[in-house]
Amino acid sequence: MSRPKRLHPVAIIFNMAKDVKELLFPFVIALIIPGKSIGLAGYIQWMIAGVVCIFFITLAVLKWIRFTYKVEHGELKIESGIFFRKNRYIRFERIHSIDVSEGIIQRLFGLVKVSIETAGGTQAEAVLSAIRKEEAVRLNEQLLEAKRNKTVVELEFREEQSPNKMTTLVYKQTFLELFLMSATSGAVGVILSGMAAFASQFDEMIPFERVFGSSKVMLELGIYVLIGLACIGIILVYIVAIIMMMLKYADFTVEKIGDELVISRGLFEKRQLTIPLKKVQGIRIVESIIRQPLGFATVYLEYAGGSLAEKESLKVMLFPLIKKKKLQENLERFIPNYLSDLSLNHLPSRAYSRYVFRKWLYYAPVIVACIYFLSPWGYTTLLLLPIGCGWAYLQYREVGWNITGSQLTIRSRFVSKQTLLVHKNKIQSIKSSTSWIQNRKQLTTISALVKSGVTFREGEIKDVDAKDFTRIHVWFLTKKSS
Amino acid sequence: MELQQQISKKALKVWRITGTIECLITWVIAITVMILTIKFDWPYWIFLILGVLSLVQPYFWIYLFPILKWRCWRYDVRETEIEIQRGIFIMRRTLVPMARVQHVETSQGPFLRKYHLASVEISTAATVHIIPALDLQEADELRSFISKMASVVEEDV
């Protein structure tokens, strides 16, 4: 089993189909657009078509020749690529599932298609598009054998936990919370801007004339009435937005059943999501600029799963709106070991000027352009400078980090305050990046990365003390210190 | 904690080739725009700026940047973690624990192959980290070392 193997030659057809599908459109256009050429031009056209066809066939054959796989030392090794040689090694323990399927062409030849999936990633890690059935069975057996030890351990683990399955915890959102959440959400802005865009597109179709009689009447009504009407319009939109949000998030319930979280919401359109606790990679607490002064926060779950097809499954709310004071208590009930009330290490004071500098860097071109083109009104843009200072201060004051046991807390702020809580064993990688100005000031930008949905979530803090990175670095490398 | 390992010095040659190709591409674009500026009487400074940029670009792309890039590139693969450091203007340092590594692969483009080099791509559940241009043998050894270590320190996702 250690000799490299090729796929069945039928795979050439699949290779071709794949290439042709990608290039079919330009190819057809190239043939059709020039129309029916007669004489020399026609010959050239067909010659090009022929060359392209031969090219595709050679490409497919070469791909087939170059594609080999073998099983060795508990690894599946796949070599592929014509110009870019790729050696891909997949360890058996990492393989989550093997999917065996038969298409029409495969069935004709008694073949199967094998897709191998590993944890993470949006698509199959490797696809063997045409191999003999017996071969697939053998591959599967080898895989099972390699995984057997691990599987047994996992099964025992499951059984141990099963009595817990009975215990159920429930969190329900109150009506007041639902209302407040809807009222403070950004959805209003989205709907308003949508309306504005709509209105500007169709203002000719809306019968202003008929509504107001004539433009003369409108002028007589005076500007105050117009402003009043606009205000009423906005308030109406706001109410509609609130109602829509309330319907969407009505009946928000989190249940903890055994070691799974079941999150459901919605009045007319019910949605339910089940998340195994061990897939939770971290917790993200977001305090928007409106909710923060009211003492509310939104809590998201970062979990490894979900699919691109279902956007809702990628951004999972655990608590849509929760009093900051009650957060820890509720968090503990559902997801143990996450601490939200930690005091953070803030930035050194020399970092503040960097925050201001970064804001001004973005404003400078705007200000210069406005002063140059819109003088004298352009000078009002100078107000951006103090605004930048203020905003920079808000960011500088809030951001920070903390290490407690195996938990790393990273808080950043653009407009909303975002706090990411992650455990060491879920962090995929940590990074630092240092520009030469930062280097001179002994500052650095740090970030930690966890898997979330099909991609990742990154918590980043700009301009922390360079020594802090060393501390996080050391903490990260030290094994199991909880 | 300075990192020790450097990538192959032959990477310079590969980067010079790719740099030259990039230069040629931008030159074609620049020359097209320059011809257009003459033809349509656009402001002369466009012509001037493009000309100067195209003239100095090769120095940076083919000579300076590859050298700096090579000098800045460091990595270290230890039994429990992989550390990578790179970046000319902004120094980036990445730390990946072995336990997070999902799989490793080596890959070779035509230029890397010409100089018997290969790059090592290390994938975690969420990201891919690439060490470019190692000697073929070294890359293979590194690949099997990481693969071996990653299966020793087994942890869940």
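Residues numbered from 1 in each chain as written. Chains lettered and ligands numbered in written order. Predicted model: local features only at pLDDT ≥ 70, side-chain atom pairs only at ≥ 80, totals over all residues. Heavy atoms only, no water.

Colleague: It is not clear to me how the overall build of chain A should be interpreted in this structure. Could you clarify?
Modeller: Within chain A one finds 14 helices and 20 strands. For chain A, the proportion of its 482 residues judged to be buried stands at 39%. Residue pairs in contact within chain A that sit at least 24 positions apart in sequence constitute 55% of those at least 6 positions apart. Carbon together with sulfur atoms contributes 65% to the accessible area of chain A, which is approximately 28,000 Å² in total. (Helix = DSSP H or I, 4+ residues; strand = E, 2+ residues; numbered from the N terminus. Buried < 20%, exposed > 50% of the residue type's maximum accessible area, 1.4 Å probe, protein only. Contact = heavy atoms within 4.5 Å. Areas by Shrake-Rupley, 256 points an atom, 1.4 Å probe, with all protein chains shown as cover.)

Colleague: Just to check I follow, could you spell out the interface of chain B and chain A for this structure?
Modeller: For an interface, size is often stated in terms of accessible area lost upon the parts coming together. Contacts between the two partners involve 40 residues from chain B and, on the opposite side, 43 residues from chain A. Together chain B and chain A conceal approximately 3,500 Å² of surface at their shared face, both sides included; 48% is due to carbon and sulfur atoms. The tally of links from chain B across to chain A stands at 4 salt bridges. With a closest N to O distance of 3.2 Å, Glu75 of chain A and Arg143 of chain B form a salt bridge. Put simply, chain B and chain A have 13 residue pairs in polar contact (both at pLDDT 80 or more) between them. For the side of chain B that touches chain A, the elements supplying multiple residues, two or more each, are strand 3 (81-86), strand 4 (90-97), strand 5 (101-108), helix 3 (110-114), strand 6 (117-124) and helix 4 (136-152) of chain B. (Buried area = accessible area lost by both parts, 1.4 Å probe. Salt bridge = Lys/Arg side-chain N within 4 Å of Asp/Glu carboxyl O. Polar contact = N/O pair within 3.5 Å; in protein donor to acceptor, adjacent residues only side chain to side chain.)

Colleague: Where do I start with the pattern of salt bridges in this structure?
Modeller: When charged atoms on two side chains of opposite charge get close, those side chains can pair. Residues and elements named next belong to chain A. One pass over the structure, following the stated rule, counts 29 salt bridges over all chains. We note a salt bridge from Glu79 to Lys77, for which the minimum N-O separation is 3.2 Å. Note that Glu458 and Lys431 form a salt bridge whose closest N and O atoms lie 3.3 Å from each other. With Glu458 in strand 20 (residues 455-465) and Lys431 in strand 18 (residues 427-435), this residue pair connects regions lying 27 residues apart in the sequence. Residue Glu458 is classed as partly exposed on the basis of its relative accessible area, which comes to 32%. Look at Lys431 and you get partly exposed, because its relative accessible area is 26%. Bridged by salt links that share partners, the residues Glu287, Lys324, Arg397, Glu398, Arg413 and Lys417 form one connected network.

Colleague: Looking at this structure, I do not really get the environment of Arg265 of chain A. What am I missing?
Modeller: Residues and elements named next belong to chain A. Looking at the element boundaries, Arg265 is found in strand 10 (residues 260-265). Among the residues examined, Arg265 registers a relative accessible area of 9% and is labelled buried. A polar atom in the side chain of Arg265 sits 3.0 Å from the backbone oxygen of Lys248.

Colleague: Teacher, can you tell me more about the sheet that holds strand 7 (residues 128-135) of chain B here?
Modeller: Backbone-to-backbone hydrogen bonds join strands into a sheet, with any given pair of strands oriented parallel or antiparallel. Taken in spatial order, the 7 strands line up as 1(A)-2(A)-3(A)-4(A)-5(B)-6(B)-7(B) in an open sheet, and their pairing is antiparallel. If you trace the sheet from one side to the other, it starts and ends with strand 1 (5-6) of chain A together with strand 7 of chain B, each paired once. Relative to strand 4 (residues 85-91) of chain A, strand 3 (residues 75-80) of chain A is paired through 6 bridges, and the arrangement is antiparallel. The partner of Lys77 of chain A across the bridge, within strand 4 of chain A, is Tyr89 of chain A. (Pairing = 2+ DSSP bridges.)

Colleague: Before we go on, may I ask you to explain the state of the cysteines in this structure?
Modeller: Two cysteines whose sulfur atoms are joined by a covalent bond form what is called a disulfide. Residues and elements named next belong to chain B. Following the criterion strictly, the structure yields 0 disulfides over all chains and no others. Its sulfur unpaired, Cys23 is 19 Å from the next cysteine sulfur, which belongs to Cys72. Take Cys23: its relative accessible area is 3%, and that puts it in the buried class. (Disulfide = S-S within 2.5 Å.)

Colleague: Could you clarify how one ought to interpret the pairing of strand 4 of chain B in this entry?
Modeller: Working note: regular strand, side chains alternate between the two faces of the sheet. Pairing of strand 18 of chain A with strand 4 of chain B involves 6 bridges; the strand directions are antiparallel. When the bridges of strand 4 of chain B are listed, Thr434 of chain A appears paired with Met91 of chain B. Here strand 3 of chain B pairs with strand 4 of chain B via 6 bridges, running antiparallel. In the strand pairing of strand 4 of chain B, Ile82 of chain B is matched with Val96 of chain B. Linking strand 3 of chain B back to strand 4 of chain B in an antiparallel pair, the connection comprises 3 residues, with Gly87 of chain B at a positive phi of about 110 degrees.

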